[in-house]
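Secondary and tertiary structure notes
Take a look at the letters that make up each chain.
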Amino acid sequence: MSTTQPEQGSSARLLDALYFAAEMHRDHRRKGAIAAPYINHPITVAHQLAAAGMDQNGDLLIAAVLHDVVEDTDTTLEELGRRFGPRVADIVGEVTDDKNVDWRSRKRMVVETIAGKSREAQLIKLSDLIANVTDLVQHPPNWTPEHQSGYLAWAEAVVNAMAGVHPALESRFADVFQQVRESTKTAKRA
Ligand code: ZN
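Residues numbered from 1 in each chain as written. Predicted model: local features only at pLDDT ≥ 70, side-chain atom pairs only at ≥ 80, totals over all residues. Heavy atoms only, no water.

Bringing the packing of aromatic side chains into the picture now. One pair of aromatic rings is described through two measures. These are the centre distance and the angle between the planes. The full count for this structure, using the stated rule, is four aromatic pairs. Geometrically, the ring pair formed by F20 and F84 is edge-to-face, given 5.6 Å between the ring centres and 75° between the ring planes. A residue pair is termed long-range when its members are at least 10 positions apart, and F20 in helix α1 (residues 10-24) and F84 in helix α5 (residues 77-84) qualify at 64 residues. For the pair F20 and F84, a shared accessibility class is recorded, and that class is buried. Look at W143 and Y151: their rings are 5.5 Å apart centre to centre, the planes differ by 55°, and that puts the pair in the tilted class. Judged by relative accessible area, W143 falls into the partly exposed class, the value being 24%. (Phe/Tyr/Trp six-rings, centres within 6.5 Å; stacked < 30°, edge-to-face > 60°. Helix = DSSP H or I, 4+ residues; strand = E, 2+ residues; numbered from the N terminus. Buried < 20%, exposed > 50% of the residue type's maximum accessible area, 1.4 Å probe, protein only.)

Okay, here's the thing in structure tokens:
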């Protein structure tokens, strides 16, 4: 008989992660025109992965829900490790940019290092980019055309650097990428 706490079921852990992320991001808003609550974003990133067939990978979905908490809040990887287990903390660590490095170098490092990361980290990054580029189409933020095209070129370079990780999600990225390119052309013509 074990005296340790009973193992939490996977839905309970996922709900705990959602609760935790919602608390941590409670004062954050997305950059788009409608300034949606930030938590919509990690939910979308996790949901896209579940819907693409990864609904049985609990650590992946939990890490997807938590993927921005270390980068954007006071949460530490140690805290995530204690609450959600070492695997989740490792994956979140892999997708967390080092904020001590300037923005440009940080972005370049993602392109240079993504191929060497775990499959889970790559899948979260891919889903993150699909969500971000979809937001550019649906709720365009107030970015200059230069900033937007710089972001898109970077996103495409990241996805190219991990080519083959998940063909269905990659083609979804290619679709939204195409859409945002079309909508920018239309906006320019208008
Ligand atoms: Zn994100």
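Core analysis: the largest hydrophobic core is formed by 48 residues, its most contacted members being L49, L66, L80, I124 and F173. The element contributing the most residues to this core is helix α8 (residues 119-138), with nine residues. Aside from chain neighbours lying at most four places away, what touches L66 is A17, F20, A21, L80, F84, V88 and V92. (Core = buried A, V, L, I, M, F, W, Y, C linked by side-chain atoms within 4.5 Å. Contact = heavy atoms within 4.5 Å.)

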